[in-house]
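The lines below spell out each chain.
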Amino acid sequence: MVLFRIRDGVDATDISAATRMLRGRGRHAGVVSWAVERSLDDRKGTVIAQDATFADAAVFGEWRSSEAHREAANQMARIADWWVADWEQPAI
């Protein structure tokens, strides 16, 4: 889960482009689910939420070291700050 807090003053066109770019990054082998949406509550500013589930920790590691991840991080660093929560679901 990543919450991108878009910096004040970023143009709506840039926000839309970033959202489209993030949505496109979900095309990676082993991605089980991938959602990118703008928060409905804008009282704290513009927030884009990315919720991704990977088949396993190895696939997640591959994604994190991929060029697609580096490019996304570089693009988002220009317009946003973010908070990340990564976890592995325990076996039941």
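Whatever comes next refers back to the structure up there.
Given the structure is predicted, the values throughout are model-derived calculations rather than measurements.

A.B. asks: Please clarify how the overall build of the chain should be interpreted in this entry.
C.D. replies: Looking only at helices and strands, one finds three helices and four strands in the chain. Sequence-ordered secondary structure for the chain, helices as α and strands as β, is β-α-β-β-α-α-β. In summary, the chain has a C-alpha radius of gyration of 14 Å against a globular reference of 12 Å for 92 residues, a match within 12%. Seen along its three principal axes, the alpha-carbon backbone of the chain occupies a region of about 40 × 30 × 15 Å. When burial is assessed residue by residue, the chain has 27% of its 92 residues classed as buried. Contacts in the chain between residues at least 24 apart in sequence constitute 64% of all its contacts with a sequence separation of at least 6. Accessible area of the chain: about 6300 Å², with a carbon and sulfur share of 52%. Measuring between centres, the 12 positive side-chain charges of the chain sit 4 Å from its 14 negative side-chain charges.

A.B. asks: How should I be thinking about the nonpolar core in this particular structure?
C.D. replies: In a soluble, globular protein the nonpolar side chains are often hidden away together inside. Core analysis: the largest hydrophobic core is formed by 17 residues, its most contacted members being Phe4, Ile6, Leu22, Ile48, Met76, Ile79 and Ala80. Of all the elements in the fold, those that place two or more residues in this core are strand E1 (2–6), helix H1 (12–24), strand E2 (31–38), strand E3 (47–54), helix H2 (57–64) and helix H3 (67–77). In terms of residues, this core owes the most to one element, H1, which gives four residues. Contacts of Phe4, omitting those with residues within four sequence positions, involve Leu22, Thr46, Val47, Ile48, Gln50, Met76, Ala80, Asp81 and Trp82.

Rules of the game
Residues numbered from 1 in each chain as written. Predicted model: local features only at pLDDT ≥ 70, side-chain atom pairs only at ≥ 80, totals over all residues. Heavy atoms only, no water. Helix = DSSP H or I, 4+ residues; strand = E, 2+ residues; numbered from the N terminus. Rg over C-alpha atoms; globule rule 2.2 N^0.38 Å. Buried < 20%, exposed > 50% of the residue type's maximum accessible area, 1.4 Å probe, protein only. Contact = heavy atoms within 4.5 Å. Areas by Shrake-Rupley, 256 points an atom, 1.4 Å probe, with all protein chains shown as cover. Lys, Arg positive; Asp, Glu negative; His and termini not counted. Charge placed at Lys NZ, Arg CZ, Asp CG, Glu CD. Core = buried A, V, L, I, M, F, W, Y, C linked by side-chain atoms within 4.5 Å.

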